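# Working through the structure, step by step
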Amino acid sequence: STKRRMPLGKIIKADSTLMGLLEAFASEDAPKRIILSKVAGAKAEKEWRTQVQGVISQTDMVRYITKLLSPEGGEVHPFALKALIEVGISPSKPVIFATPKQRAVAAFHTMWLHNIEALPVLSEDRTYLGIIGVQDLRTLSFSTLPQLLGPVSDWVKSSYYSVGKDEAIVTRNARLIDVLKAIQFSKSHRVFIREVSSF
């Protein structure tokens, strides 16, 4: 029989507070999912089959916070109506991106250098064209390896990320609640923040 592996993610105790859960997601290693366990530490990893009680993903968290701030049939929390710039959410560093004519292998190398999983593809005038990411490498086979030497534009057309996924693109003036809903309905794990007149 195939040996079952413990789910990948950061382990915290199942009785942690909401703040503890948020802090776990915001930690330096930025986990995509949190594993809820009866105990924490080495014992949780060693005895995960009996200790793990559930898994919460980033998407689950966004969905929960959205409902918390904007309950169905209720009033939207005033904090959720504030613009991103008002609540201190603003780009803190330049956008790392790929260009359409750049070789795909160079784009993947950039992801590896910066430890990121995807890059937006921007034209010369900074228009958003799509996205390329590590998931796209799963489609490679021996016969399609030469595609890595082709332009990024070819990858965008058939990208894993373009299948049923529209990236959430907002401005700094977007309301927090609208951004949360955009993430939820775009099925994306990222939001691109652009200036009003450009990317």
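Refer to the structure presented above.
For the structure given in this document, a descriptive report is provided here. All residue numbers here refer to positions counted from 1 along the written sequence of the relevant chain. Local features are withheld for residues below a pLDDT of 70 in this predicted model, meaning they are given only at 70 or higher, and side-chain atom pairs are given and counted only at 80 or more; totals for whole chains, interfaces and linings count all residues. Remark: hydrogens and water are excluded; side-chain values derive from all non-hydrogen atoms of the structure.

## Overview of the sheet that holds strand β3 (residues 52–57)
- One open sheet holds the 3 strands; their spatial order is β1-β2-β3, and the pairing between them is mixed. Strand pairing shows two members of the sheet lacking a second neighbour, β1 (10–13) and β3, which therefore form its edges. Averaged over neighbouring strand pairs, the angle between their axes works out to 30° when direction is ignored.
- What makes two strands pair is DSSP finding at least two bridges between them. Counting from the N terminus, the helices are DSSP H or I runs at least four residues long and the strands are E runs at least two residues long. Two strands pair when backbone bridges link them, and β1 and strand β2 (residues 33–37) are joined in this way by 4 bridges, in the parallel orientation. Residue pairing across strands places Lys-10 opposite Ile-34, the latter belonging to β2. Lines fitted to C-alpha atoms define the axes here, with helix axes fitted over just the stretch in contact, and angles between the N-to-C directions of these axes take values from 0 to 180 degrees.

## Quick look at unusual backbone geometry
- If you check the backbone angles, Asn-115 has positive phi at about 55° while not being a glycine.
- If you trace the backbone, Asn-115 turns up in the loop between α5 (104–114) and β4 (118–122).

## Brief notes about α5
- For α5, every residue scored as buried is listed here: Ala-104, Ala-107, Phe-108, Thr-110 and Met-111. One side of α5 carries all its buried residues, which in axial view fall inside an arc of 150°. Opposite its buried face, α5 presents the exposed residues Trp-112 and Leu-113, each directed more than 90 degrees away.
- Contacts are residue-level and defined by heavy atoms, with any inter-residue pair within 4.5 Å sufficient. For α5, the secondary structure elements touched by its buried residues are β4, β5 (128–133) and α6 (152–157).
- Immediately beyond the C-terminal end of α5, within one or two residues, lies Asn-115, with a positive phi of roughly 55°. Accessible area is worked out with a 1.4 Å probe on protein chains only. A residue is then buried under 20% of its type maximum, exposed over 50%, and partly exposed in between. As used here, the arc is the angular range of directions from the helix axis to the C-beta atoms.

## Some remarks on the pattern of salt bridges
- Note on definitions: salt bridges are taken to be side-chain nitrogens of Lys or Arg within 4 Å of carboxyl oxygens of Asp or Glu. Throughout the structure, instances matching the rule amount to 2 salt bridges.
- Residue Asp-60 pairs with Arg-63 through a salt bridge whose shortest N-O separation is 3.3 Å. Of the two residues, Asp-60 and Arg-63 are both situated in helix α4 (residues 58–69); the distance of 3 residues between them amounts to about one turn of the helix.
- Notably, a salt bridge pairs Arg-175 with Asp-178, separated by 2.8 Å at the nearest N-O pair.
- Overall, Asp-178 belongs to the partly exposed group, its relative accessible area being 35%.

## Some remarks on α4
- Under the 1.5 Å per step criterion, the end-to-end length of α4 is 16 Å for 12 residues, consistent within 8% with the ideal 16 Å.
- Along α4, the residues classified as buried are Met-61, Val-62, Thr-66 and Leu-69. The buried residues of α4 occupy an angular sector of 130° when projected down its axis, which confines them to one face. Every helix has an expected span of 1.5 Å times one less than the residues it contains.

## Quick notes on the packing of aromatic side chains
- Between the rings of Phe, Tyr and Trp (Trp by its six-membered ring), a pair exists once the centres lie within 6.5 Å; its type follows the angle of the planes, with under 30 degrees stacked, over 60 edge-to-face, and the other angles tilted. Here the structure, examined in full by the defined rule, presents 1 aromatic pair.
- Ring geometry for Phe-108 and Trp-155: centres 5.2 Å apart, planes at 75°, overall edge-to-face. Here Phe-108 is found in helix α5, whereas its partner Trp-155 is found in helix α6, with 47 residues between them in sequence. In this structure, Phe-108 and Trp-155 share a single accessibility class: buried.

## Things to note about the environment of Arg-172
- In this structure, Arg-172 sits in the loop between β6 (168–171) and α7 (176–186).
- Taking relative accessible area as the criterion, Arg-172 reaches 28% and is therefore assigned partly exposed.
- Placed 86 residues apart in sequence, Arg-172 and Glu-86 show a C-alpha to C-alpha distance of 8.8 Å.

## Comments concerning the side chain of Asp-136
- Along the chain, Asp-136 turns up in the loop between β5 and α6.
- Charge assignment: positive for Lys and Arg, negative for Asp and Glu; neither His nor the chain ends contribute. An unpaired buried charge is present at Asp-136: no salt bridge exists, and Arg-138, the closest side chain of opposite charge, is 9.3 Å distant.

## Examining a nonpolar patch on the surface
- Think of a patch as exposed residues, more than 30% relative accessible area, with no salt bridge, where like charges cluster within 9 Å and nonpolar side chains (Val, Leu, Ile, Met, Phe, Trp, Tyr) cluster within 5 Å. Computed with a 1.4 Å probe, the accessible areas rest on the Shrake-Rupley method; for each residue, only the protein chains presented here act as cover. A cluster of nonpolar side chains, contributed by Leu-18, Met-19, Leu-22, Tyr-64 and Leu-68, occupies part of the molecular surface with about 450 Å² of accessible area.
- Residue assignment for the nonpolar patch shows that the elements contributing at least two residues are α1 (18–25) and α4.
- Tallying contributions element by element places α1 first for the nonpolar patch, with 3 residues.
- Tracing the backbone shows Leu-68 in helix α4.

Nothing here speaks to function; it is geometry throughout.
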